[in-house]
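This is what each chain is made of:
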Amino acid sequence: MSEAYVSIKIENEVAYIEFFHPAHNSLPGDILAKLAKTITEAGENNNIKVIVLKSGGDRTFCAGASFEELININDAATGKVFFSGFANVINAMRKCPKFIIGRIQGKTVGGGVGLAAATDYCMASKFAAIKLSELNIGIGPFVVGPAIERKMGLSAMSQIAIDANTFYPAEWAKQKGLFTQVYESTEMLDEAVKTTAEHLCTYNTEAMLEMKKVFWQGTDHWDALLAERAATSGKLVLSDFTKEKLKGFK
């Protein structure tokens, strides 16, 4: 696989939405836009009862935002648009009327942790270590923070945001509530995801919709909140500190 994509495959009323980028599944703006659109459309499709969010490749679920695009930001407006990419996906997941299961097969960084946190039921392999690295380059996990805090609590989110150099193991993420289960292999993870998703399809769709509303209660302001957070990141990325840090990635 060498080209980025977002795909959807429907099997037994389960939609498997997969994204991929050759740079460790780091996501540029166009792929994030496709992902948000695909999730929204799957939520509106009556032939789909449950959604699985996954990524291509073996050892990295998502390396966060695209550094190639990040390096080229030169004004606050462009910065806000860039950081709104993950905000739009998280909000699409939040508003989706169907349960979204996360299938996290490998390492997850920055925005990728936000995507995992925005799923309704997240399952992982033992290789799915997580890290919030944003402070390393002079910004912070502002956009994904609300989703992570909602799932893991303020204490755990603060810990990984401050300790920006450290990968925390999948078992730690499970203990903090991000992952529901951690499996020894990707094969075991895939089997469990399939079984769980197809079993959920036997439930009352109206009951699942009402439960999803309960799970996300108190987040109606997130459209505005995440936009504000994106603007904050968009300004910080223009700082001399961050520009100097990003030179090392060119």
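What counts, and at which threshold
- Residues numbered from 1 in each chain as written.
- Predicted model: local features only at pLDDT ≥ 70, side-chain atom pairs only at ≥ 80, totals over all residues.
- Heavy atoms only, no water.
- Helix = DSSP H or I, 4+ residues; strand = E, 2+ residues; numbered from the N terminus.
- Rg over C-alpha atoms; globule rule 2.2 N^0.38 Å.
- Buried < 20%, exposed > 50% of the residue type's maximum accessible area, 1.4 Å probe, protein only.
- Contact = heavy atoms within 4.5 Å.
- Lys, Arg positive; Asp, Glu negative; His and termini not counted.
- Charge placed at Lys NZ, Arg CZ, Asp CG, Glu CD.
- Core = buried A, V, L, I, M, F, W, Y, C linked by side-chain atoms within 4.5 Å.
- Pairing = 2+ DSSP bridges.
- Axes fitted to C-alpha atoms, helices over the stretch in contact; angles between N-to-C directions.
- 1 Å grid on protein atoms, 1.4 Å probe; cavity = no way out; pocket = protein on both sides within 12 Å on 5 of 7 lines; lining within 4 Å.
- Points joined across faces, edges and corners; volume = space filled by probe spheres on them.
- Nonpolar A, V, L, I, M, F, W, Y, C, P; charged D, E, K, R; others polar.

## Brief notes about the overall build of the protein
- Summing up its helical and strand segments, the protein has eleven helices and nine strands in all.
- A globule of 250 residues ought to have a C-alpha radius of gyration of about 18 Å, and the protein, at 17 Å, matches this closely.
- Judged by the C-alpha coordinates and their principal axes, the protein covers about 55 × 40 × 35 Å.
- Here the protein, with 250 residues, has 52% of them falling under the buried criterion.
- Residue pairs in contact within the protein that sit at least 24 positions apart in sequence constitute 75% of those at least 6 positions apart.
- Here the protein carries 27 positive and 28 negative side-chain charges, and the mean point of each set is 3 Å from the other.

## Remarks on the nonpolar core
- In terms of nonpolar packing, the biggest core is built from 64 residues, with Ile39, Leu115, Ile130, Ile148, Leu178 and Phe179 touching the most fellow members.
- It is helix α3 (residues 76-95) that provides the largest number of residues to this core, a total of eight residues.
- If near-sequence neighbours (up to four positions away) are discounted, Leu115 is found in contact with Phe19, Leu27, Leu35, Phe61, Phe86, Val89, Ile90 and Met93.

## Quick notes on the sheet that holds strand β3 (residues 50-55)
- Strands sit in the order β1-β2-β3-β5-β7-β9 across an open sheet of six strands; the sheet is mixed. Because the sheet does not close on itself, it has two edges, and the strands there are β1 (5-11) and β9 (181-183). Recorded for the sheet is a direction-independent mean angle of 20° between the axes of neighbouring strands.
- Contacting β2 (14-20), β3, β5 (100-104), β7 (121-125) and β9, helix α8 (residues 186-200) crosses the sheet at an angle of about 175° to β5.

## Examining the layout of surface pockets
- Estimated volume of the largest pocket: approximately 550 Å³.
- The set of elements that each furnish at least two residues to the lining of the largest pocket consists of α2 (67-71), α3 and β6 (107-109).
- Of the residues in the lining of the largest pocket, the class split is 16 nonpolar, ten polar and three charged.
- Roughly 210 Å³ of volume is contained in the second largest pocket.
- Lining the second largest pocket, in full, are Ser7, Ile8, Lys9, Glu11, Tyr16, Glu18, Val52, Lys54, Arg103, Asp190, Val193 and Lys194.
- Ranked by residue count, the leading element in the lining of the second largest pocket is β1, at four residues.
- Its residues assigned to classes, the lining of the second largest pocket comprises four nonpolar, one polar and seven charged.

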